[in-house]
Amino acid sequence: MKILVTGGTGFIGSHTAVELQEQGFDVVIVDNLSNSTIEVLDNITKITGKRPVFEQFDLCDQSLTADFFRRHNDLAGIIHFAAYKAVGESVEKPLMYYRNNLQSLMNILEGMLANNINNLVFSSSCTVYGQPDELPVREESPIKEAFSPYGNTKQISEEIIRDTLKANPQLQAIALRYFNPIGAHPSALIGELPLGVPNNLMPFITQTAIGKRPVLRVFGNDYNTPDGTAIRDYIHVVDLAQAHVVALNRMIEKKMKKNYEIFNLGTGNGLTVLEVIHSFEKVSGVKLNYVFVDRRPGDVEKVWADTTFANQELGWKAQRSVDEMTLSAWRWELRLAGKLND
Ligand code: UFG
């Protein structure tokens, strides 16, 4: 069965392409390589022994996308990752974010409708909850005003999908709201590859440890948490990737309760920034150079997932510990630096 993975050379997309191929799916990747490199394709091939079909173009281009779908009208499903995702950049360039993230989704939905392709997994984010009133956060928790244009594109995307499905009940979609994906494939052949200075915690930790950055700034140690640093629900990217395959199979096997379902993907366990740092120091044996600085504007204090619905309905549960997350991220950084000996 053939599956389209948009953004399939990106961080989560590449890990999902691996899991799909390992479970016997044929993967077609579409990526414009705006935030990834073609070598990722070679490494997916090394891990799985099979090279995904690859097409490089921008899904915001309506005619190229329509043409793609005409040529691939036998797709059993689509997993749509391709999107911009930097919160700070979205505040500077909101129109760029709205155009890119919404236009591509609409082109894909049009391609699905025109070619009777009915199954979509959409890459959403816990950012849609903002700072929730109640923790852990459940799928029914209210959607608050978005903290950033990026977050708003995820809220609007979910609504675009909802309305399109109402008008076209033959379509099925599952939106997966990710918490904080970190880590890398155990082979250390694929991982997170931020361009320039990383925004996110885990790549900043590993780049500081390897010497690419002088110091990690920990944003805020005066939060109302046990050690004063902010709490997130970090989830291993391989656990996350596997959840996509489960969601896809649920659609293909017609096991959905309604044609649009939404799941939280986290571990259900919140960790402070210092807990992640301590795990990293333990598994790597590297003493990390970090300093406390002011809170980062726009950061929420704490958020972690209620995973009951995903656990029960999908029959999926995140398996990997924080130490596996930080160790795999470190091995990936070591491999990038040519320092991985195993
Ligand atoms: N942090 C630091 N120093 C850094 C980077 C991050 O202390 O250099 C802290 C942050 O303040 C936060 C935690 O580490 O407390 C995690 O920060 P990330 O940037 O890794 O992740 P966020 O939770 O801010 O963002 C993630 C996704 C976004 C998504 C958001 C929703 O990256 O795409 O969750 O909450 F919008």
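Just so you know, these numbers come straight off a predicted model, no measurement behind them.

K.L.:
I keep staring at the packing of helix H7 (residues 201-210) against helix H11 (residues 322-336) and nothing clicks. Help me out?
P.N.:
The axes of two packed helices give the description: the angle between them and the distance between them. Between H7 and H11, the least distance of the axes is 10 Å, while the angle of their chain directions is 50°. With respect to H11, the element H7 is oriented oblique. The hand of the H7/H11 crossing is right-handed. Taking contact as the criterion, the partners of Met202, Pro203, Thr206, Gln207, Ala209 and Ile210 in H7 are, on H11, Thr326, Ala329, Trp330, Glu333 and Leu334. A per-class count over the contact of H7 with H11 returns 7 nonpolar, 3 polar and 1 charged.

K.L.:
Explain the site of the ligand here, please?
P.N.:
Every one of the 21 residues lining the ligand counts as a neighbour, but Leu201, Arg217, Arg232, Arg296 and Asp299 are closest to it. Take asparagine 199: an N or O atom from its main chain is 3.4 Å from an oxygen atom of the ligand. Asparagine 200 places a polar side-chain atom, nitrogen or oxygen, 2.9 Å from an oxygen atom of the ligand. Taking 680 Å² as the accessible area of the ligand by itself, protein coverage stands at 89%. Contributions of two or more residues to the shell around the ligand are made by H7 and strand S8 (216-219). Its residues assigned to classes, the shell around the ligand comprises 11 nonpolar, 5 polar and 5 charged.

K.L.:
Where do I start with helix H2 (residues 39-48) in this structure?
P.N.:
Note on helix geometry: an α-helix contains 3.6 residues per turn, so any two residues three or four positions apart are oriented the same way. Along H2, the positions that sit buried rather than exposed are Val40, Leu41, Asn43, Ile44, Thr45 and Ile47. On its buried face, H2 sits against helix H1 (11-22), strand S2 (26-30), strand S3 (53-55) and H11. Residue glycine 49 follows H2 closely and has a positive phi angle near 75°.

K.L.:
Even after reading the chapter, I still don't get the environment of threonine 326, so can you show me in this structure?
P.N.:
Mapping threonine 326 onto the fold places it in helix H11. When the C-alpha atoms of threonine 326 and phenylalanine 280 are compared, they prove to be 5.2 Å apart, with 46 residues separating the residues in sequence. When neighbours within four sequence positions are excluded, threonine 326 is seen to be in contact with Met202, Val276, Ser279, Phe280 and Val283. At 3.3 Å, the side chain of threonine 326 and the backbone oxygen of aspartate 323 are in polar contact.

K.L.:
What should I look at first to understand the pattern of salt bridges in this one?
P.N.:
Opposite charge on two side chains lets them pair, provided their charged atoms get close. Taken as a whole and assessed by the stated rule, the structure comprises 20 salt bridges. With its nearest N and O atoms 2.8 Å apart, the salt bridge here joins glutamate 313 to arginine 250. Here glutamate 313 is found in helix H10 (residues 308-314), whereas its partner arginine 250 is found in helix H8 (residues 237-252), with 63 residues between them in sequence. The class for glutamate 313 is partly exposed, based on a relative accessible area of 24%. Under the relative-accessibility criterion, arginine 250 is labelled buried at 8%. For lysine 287, the salt bridge is made with glutamate 281, and the minimal N-O distance between the two is 3.3 Å. Look at lysine 287 and you get exposed, because its relative accessible area is 67%.

About the criteria used
Residues numbered from 1 in each chain as written. Predicted model: local features only at pLDDT ≥ 70, side-chain atom pairs only at ≥ 80, totals over all residues. Heavy atoms only, no water. Axes fitted to C-alpha atoms, helices over the stretch in contact; angles between N-to-C directions. Helix = DSSP H or I, 4+ residues; strand = E, 2+ residues; numbered from the N terminus. Parallel < 35°, antiparallel > 145°, perpendicular 65-115°, else oblique. Left-handed = near helix turned anticlockwise from the far one by under 90°. Contact = heavy atoms within 4.5 Å. Nonpolar A, V, L, I, M, F, W, Y, C, P; charged D, E, K, R; others polar. Near = heavy atom within 4 Å. Polar contact = N/O pair within 3.5 Å; in protein donor to acceptor, adjacent residues only side chain to side chain. Areas by Shrake-Rupley, 256 points an atom, 1.4 Å probe, with all protein chains shown as cover. Buried < 20%, exposed > 50% of the residue type's maximum accessible area, 1.4 Å probe, protein only. Salt bridge = Lys/Arg side-chain N within 4 Å of Asp/Glu carboxyl O.

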